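This is what each chain is made of:
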Amino acid sequence: MAQAVRIHKTGGTEVLTFEDVDIARPGAGEVLVRQTAIGINFIDIYHRTGLYPLPSYPAGLGLEAAGVVEQVGEGVNTFKPGDRVAYCGGATGAYATYRVLPASLLVKIPENVSDETAAAVMLKGLTAHYLLRNTFRIQKGDTIVIHAAAGGVGLLVCQWAKYLGATVIGTVSTNAKAALAQQHGCDHAIIYTRDNVPQRVKEITQGKGADVVYDSVGRTTFMDSLDCLAKFGMLVSFGQSSGPIPPFDISVLSQKGSLYLSRPTLFHHMADPKEYAANASELFALVEQNMLKVFIGDTYGLKDVAKAQSDLEGRKTTGALVLTV
Ligand SMILES: NC(=O)c1ccc[n+]([C@@H]2O[C@H](COP(=O)([O-])OP(=O)(O)OC[C@H]3O[C@@H](n4cnc5c(N)ncnc54)[C@H](OP(=O)(O)O)[C@@H]3O)[C@@H](O)[C@H]2O)c1
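Basis of the calculations
Residues numbered from 1 in each chain as written. Predicted model: local features only at pLDDT ≥ 70, side-chain atom pairs only at ≥ 80, totals over all residues. Heavy atoms only, no water. Pairing = 2+ DSSP bridges. Helix = DSSP H or I, 4+ residues; strand = E, 2+ residues; numbered from the N terminus. Axes fitted to C-alpha atoms, helices over the stretch in contact; angles between N-to-C directions. Contact = heavy atoms within 4.5 Å. Buried < 20%, exposed > 50% of the residue type's maximum accessible area, 1.4 Å probe, protein only. Arc of directions from axis to C-beta. Near = heavy atom within 4 Å. Polar contact = N/O pair within 3.5 Å; in protein donor to acceptor, adjacent residues only side chain to side chain. Nonpolar A, V, L, I, M, F, W, Y, C, P; charged D, E, K, R; others polar. Phe/Tyr/Trp six-rings, centres within 6.5 Å; stacked < 30°, edge-to-face > 60°.

S.K.: Describe the sheet that holds strand β4 (residues 59–60), and please don't skip the residues or the numbers.
M.R.: Here we have three strands laid out as an open sheet, ordered β2-β1-β4, and antiparallel in their pairing. Taken across any chain shown, the strands that pair with only one partner, and hence form the sheet edges, are β2 (16–21) and β4. Judged from the six bridges that link them, strand β1 (residues 2–7) and β2 form a sheet pairing that is antiparallel. Paired with A2 across the two strands is V21, which belongs to β2.

Here is the structure:
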């Protein structure tokens with residue numbers, strides 16, 4: 001038997017149930033993976049609460065993990081039993097000890113990268129990749145603002161943007177989170193619980209404003225994010241950890257400086273299997289070279305997933321969270 005965390009209805013962390021489930025056999029093009037480390041992401045909370053409804057219930061949760069290939073299905077020649085692999089995306093259900101997955105979703109983990117690191121970096125790292133390399137292509141000398149700079153995605157964006165030559169301004173809630181962001185490439189940490197963010201950004205940029213703001217916080221930060229931008233700047237709204245953004249009048253974009261607004265998702269950027277594999281190998285190369293340090297703020301057992309999710313929701317965490325099996 002395998003163990004899986006599932007939900008039968010949406011709601012608070014009390015709807016998370018720990019269940020015994022049968023281990024499926026891999027069909028054609030599929031691989032059975034014994035999972036060793038599972039990444040937790042804010043999207044898991046949107047799935048649990050119903051903000052992002054799932055197709056049917058009961059449903060598995062989780063979109064990212066690492067482990068070892070146990071068995072391969074017909075026609076799979078890219079993996080063999082014993083290979084260490086990681087993945088993100090696909091159907092929800094990563095909170096489990098075993099999983100059958102399409103071979104096209106798996107990537108091999110480099111030898112000197114641990115399972116925990118791989119599970120911590122796939123989804124968040126590929127997100128940082130498309131944010132900085134596609135949605136707004138960072139050039140040397142650009143100034144960025146990243147909210148939740150000490151979070152899972154935030155610490156990776158800080159380091160990668162710095163590596164690409166940007167000046168990085170990060171917003172955080174506490175002094176401790178500011179110090180952590182600064183250790184990961186954030187040039188200026190603004191403590192938003194104390195300071196006015198647009199005003200500080202204007203001071204730091206000598207009145208110009210930022211070229212791009214990456215905003216995953218949503219409801220509480222959206223309008224301030226627009227006020228942080230330089231003329232022709234871009235707001236990349238990629239999440240809503242504080243709640244959904246209410247409808248807004250697009251003429252505000254012209255009033256505030258002919259601004260651009262994008263609302264992207266990783267899943268469009270990883271839809272092409274070749275691109276997904278290439279982006280994952282670029283990501284792992286940066287991890288191997290130590291250009292990207294993957295900070296795991298906490299690990300939990302699979303049975304403690306409710307605590308992990310409530311810590312994440314409660315802004316208690318830093319970096320990535322991993323469930324170990
Ligand atoms: N669109 C995409 O493709 C994509 C992909 C991956 C992730 N995301 C989004 O990126 C965001 C970050 O994900 P993550 O897993 O790395 O989480 P995270 O940033 O580690 O955790 C969320 C952080 O957001 C900040 N926050 C501000 N207001 C909050 C509130 N009201 N409730 C909870 N947190 C609040 C907190 O940092 P402070 O204490 O410093 O305020 C908190 O630690 C999420 O919104 C997620 O949905 C989007």
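There's plenty left to go through after this.
S.K.: With reference to specific residues and values, describe the sheet that holds strand β13 (residues 229–237).
M.R.: Reading across the sheet, the six strands line up as β11-β10-β9-β12-β13-β14 and stay open at both edges, with parallel pairing between neighbours. Two strands in the sheet have a free side with no partner beyond their single neighbour: β11 (188–191) and β14 (260–262). Strand after strand, the sheet turns through a mean of 15° between neighbouring axes, direction not considered. Sheet analysis places strand β10 (residues 167–172) next to β11, joined by four bridges and oriented parallel. From the neighbouring strand, T171 faces β11, where its bridge partner is I190. Packed on one face of the sheet, helix α2 (residues 115–135) meets β12 (210–215), β13 and β14 and runs near 145° to β13. The sheet contacts of helix α3 (residues 152–163) involve β9 (143–146), β10 and β12, and relative to β9 the element is tilted by about 175°.

S.K.: Help me get a handle on helix α4 (residues 175–183), residues and values and all.
M.R.: Buried within α4 are the following residues: K177, A178, L180 and A181. Each buried residue of α4 lies within a common arc of 165° when the element is viewed along its axis, so the set occupies one face. Across α4 from its buried face, at more than 90 degrees, point the exposed residues N175, A176 and Q183. Next to the buried residues of α4 lie α3, β10 and β11. Count one or two residues on from α4 and you reach G185, which has phi positive near 100°.

S.K.: With reference to specific residues and values, describe the site of the ligand.
M.R.: What surrounds the ligand is a group of 29 residues, the closest being S173, K177, Y192, F238 and L266. Within the side chain of Y130, an N or O atom sits 2.8 Å from an oxygen atom of the ligand. In this structure, F238 approaches the ligand through a main-chain N or O atom, which is 2.9 Å from a nitrogen atom. Of all the elements in the fold, those that place two or more residues in the shell around the ligand are α1 (42–49), α2, α3 and α10 (305–313). Ranked by residue count, the leading element in the shell around the ligand is α2, at three residues. Its residues assigned to classes, the shell around the ligand shows 13 nonpolar, 12 polar and four charged.

S.K.: Tell me what's going on with the packing of aromatic side chains, and back it up with residues and numbers.
M.R.: Centre-to-centre distance and the angle between the planes together describe a pair of aromatic rings. Across all of its chains, the model carries three aromatic pairs by this definition. Seen in terms of ring centroids, F42 and Y46 are 5.5 Å apart; in terms of plane orientation they differ by 55°. Their pairing is tilted. Taken as a pair, F42 and Y46 lie in helix α1 at a separation of four residues, close to a single helical turn. Consider the rings of Y46 and Y52, whose centres lie 4.8 Å apart with planes at 55°: the pair is tilted. A relative accessible area of 27% means that Y52 is categorised as partly exposed. Ring pairing ties together the aromatic residues F42, Y46 and Y52, which thus form one cluster.

So yeah, pure geometry; function would need other evidence.
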